[in-house]
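Tertiary structure, described
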Amino acid sequence: MEYINQTLDQERALYGIKNALVDSCRFDGPADGESALKEVSDIEVRNCFMNLRYPLWHVTNAKISNTELTENCRAALWYDKNIEIDSCRLGGIKALRECENISLKNSSVNSPEFIWKCHNMKIDNVTIEQSEYPFFEVEGAVINNLSMKGKYSFQYCSNIEIENSSLDTKDAFWHSKNVTVRNSLVKGEYLAWYSENLTLINCRIIGTQPFCYCKNLKLIDCTMEDCDLSFERSEVEADIKGSIDSIKNPISGKISADSIGEIIIEDDIVDRNKTQIICRN
């Protein structure tokens, strides 16, 4: 079945279709119908314009390419499985939620609350222009070449690998578990509080009061800029190139840097014998 060069605005316009191509269609119009492609499977959507709410719910096995989902396209993809998204623009709040086995590449995103409670994600060459709480409670993701601006990213996420990325994001990685970040910029205030098994390798880290209340934190060949009051109440192994503005009350581990502006140890709070701090210069 093929749907080509059609304008569709009615409620559930293509509900339940299977083994279909949807090409160069517009989901827009005065009827303002919702859920155009609900409960569909084994479809390809390409070169389309979507301007209506909830278009792709309960979808199984789909390829979506060169398609624009506007800011009016609220909650675009929910409860979907096995979806490939390539060269698309995703607008509208809550664009992906509770989806599984999702590939997103070569795309741009402007969606608050983007990618919540999803499992098994592959992200490659994606720009997130602005979002709040992106990647909330995501479990299992491999991310490459992500450029992101937003707030409160990767909270309560687990089993994530990130590389070659630029993350400009406040309060990132709070309560995260089993996350590794390589060769990336991580910029923002209050990074990674309450995280567990977070590893950063060859990363540039920027922002005040990072890495507090962390368990099994590892920083390998990283730099830290404007990072004051770092590592409070954390278990940490850190080898830092360059300087750290200040360190405050780490619980245990070893911290090495070329220079350290200030070391704050309060004996009534932590046992200084459990942490080794080395200033190489």
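Overview of the structure. Worth saying up front: this structure is predicted, and the values here are computed from it rather than measured. (Residues numbered from 1 in each chain as written. Predicted model: local features only at pLDDT ≥ 70, side-chain atom pairs only at ≥ 80, totals over all residues. Heavy atoms only, no water.)

1. A closer look at the overall build of the chain
For the chain, the helix and strand inventory stands at 0 helices and 28 strands. The principal-axis extent of the C-alpha atoms belonging to the chain is close to 70 × 25 × 25 Å. Every one of the 281 residues in the chain was classed for burial, and the buried ones make up 49%. Of the contacts made within the chain by residues no fewer than 6 positions apart, 5% connect residues no fewer than 24 positions apart. Taken as a whole, the chain presents about 12,300 Å² of accessible surface, with 40% of it coming from carbon and sulfur. (Helix = DSSP H or I, 4+ residues; strand = E, 2+ residues; numbered from the N terminus. Buried < 20%, exposed > 50% of the residue type's maximum accessible area, 1.4 Å probe, protein only. Contact = heavy atoms within 4.5 Å. Areas by Shrake-Rupley, 256 points an atom, 1.4 Å probe, with all protein chains shown as cover.)

2. Topic: the sheet that holds strand 10 (residues 77-78)
Taken together, the 3 strands give an open sheet; going across it, the order is 7-10-13, and neighbouring strands pair in parallel fashion. One side of each edge strand has no neighbouring strand; the edge strands of this open sheet are strand 7 (56-57) and strand 13 (96-97). Relative to strand 10, strand 7 runs parallel, the two sharing 2 bridges. Counted as the bridge partner of Leu56 is Leu77 from strand 10. (Pairing = 2+ DSSP bridges.)

3. Comments concerning the nonpolar core
In terms of nonpolar packing, the biggest core is built from 79 residues, with Phe27, Leu37, Phe154, Leu200, Phe211, Leu219 and Phe231 touching the most fellow members. Contact partners of Phe27, with chain neighbours within four places excluded, come to Leu8, Leu14, Val22, Ala36, Leu37, Cys48, Phe49, Met50, Asn51 and Leu52. (Core = buried A, V, L, I, M, F, W, Y, C linked by side-chain atoms within 4.5 Å.)

4. Focus on the packing of aromatic side chains
Enumeration according to the criterion identifies 16 aromatic pairs in this entry. With a centroid separation of 4.5 Å and an interplanar angle of 5 degrees, the aromatic rings of Phe135 and Phe154 are classed as stacked. Of this pair, Phe135 sits in the loop between strand 15 (119-132) and strand 16 (139-151) while Phe154 sits in the loop between strand 16 and strand 17 (158-163), placing them 19 residues apart in sequence. Here Phe135 and Phe154 have matching classes, each one buried. (Phe/Tyr/Trp six-rings, centres within 6.5 Å; stacked < 30°, edge-to-face > 60°.)

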